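A structural walkthrough
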Amino acid sequence: MLNIVVMLVGAIVGVALLLNMWRFMKGPHMLDRIIALDTMYINAIALIVLLGLYMGSPLYYEGALFIAMLGFVSTSAVCKFLLRGDIIE
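Residues numbered from 1 in each chain as written. Predicted model: local features only at pLDDT ≥ 70, side-chain atom pairs only at ≥ 80, totals over all residues. Heavy atoms only, no water.

Running from N to C, helix H2 (residues 30–55) and helix H3 (residues 59–84) point in directions that differ by 175°, and their axes come no closer than 9 Å. Comparing their axes, H3 and H2 come out roughly antiparallel. Mapping the contact onto sequence places Met30, Ile34, Asp38, Tyr41, Ile45, Ile48, Val49, Leu51, Gly52, Leu53 and Met55 in H2 and Tyr60, Tyr61, Ala64, Ile67, Ala68, Gly71, Phe72, Thr75, Val78, Cys79 and Leu82 in H3. The class makeup of the residues in the contact of H2 with H3 is 18 nonpolar, 3 polar and 1 charged. (Axes fitted to C-alpha atoms, helices over the stretch in contact; angles between N-to-C directions. Helix = DSSP H or I, 4+ residues; strand = E, 2+ residues; numbered from the N terminus. Parallel < 35°, antiparallel > 145°, perpendicular 65-115°, else oblique. Contact = heavy atoms within 4.5 Å. Nonpolar A, V, L, I, M, F, W, Y, C, P; charged D, E, K, R; others polar.)

The end-to-end C-alpha distance of H3 is 38 Å, a good match for the 38 Å that 26 residues give at a rise of 1.5 Å each. After H3 finishes, the residue Gly85 shows a positive phi value of roughly 85°. (Expected span 1.5 Å × (residues − 1).)

A surface patch of nonpolar side chains, about 470 Å² in accessible area, is lined by Met30, Leu31, Val78, Phe81 and Leu82. Those elements that place two or more of their residues in the nonpolar patch are H2 and H3. With respect to the helices and strands, Phe81 occurs in helix H3. (Patch = residues over 30% accessible without salt bridge, like charges linked within 9 Å, V, L, I, M, F, W, Y side chains within 5 Å. Areas by Shrake-Rupley, 256 points an atom, 1.4 Å probe, with all protein chains shown as cover. Salt bridge = Lys/Arg side-chain N within 4 Å of Asp/Glu carboxyl O.)

Let us now look at the environment of Leu51. Its location among the elements puts Leu51 in helix H2. Of the residues examined, Leu51 reaches a relative accessible area of 36% and is grouped as partly exposed. With 33 residues separating them along the chain, Leu51 and Arg84 place their C-alpha atoms 39 Å apart. (Buried < 20%, exposed > 50% of the residue type's maximum accessible area, 1.4 Å probe, protein only.)

A few words on the packing of helix H1 (residues 2–26) against H2. Relative to each other, H1 and H2 sit at 160°, their axes nearing to 9 Å. Comparing the axis directions of H1 and H2 gives the class roughly antiparallel. The handedness of the crossing between H1 and H2 is left-handed. The class makeup of the residues in the contact of H1 with H2 is 18 nonpolar, 6 polar and 4 charged. (Left-handed = near helix turned anticlockwise from the far one by under 90°.)

Here it is in structure tokens:
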């Protein structure tokens, strides 16, 4: 039963990832693209965690944690670049 639910939720998160990709490509403003990119890495984390549940391996959680750290730093860097025009002062 858990495998079926994990596969169903994975398909739903995959559709959400595709919709975020569309918003990233189509977004009229830069802020729309940043929010779409931020949501895309959150969806990628969810897919990796779901894959870890499906496979029964705890190694996938470390990958999800790594993507979460990289996503936070990259979103902060892009926002700082948009506000000030330079990342490192």
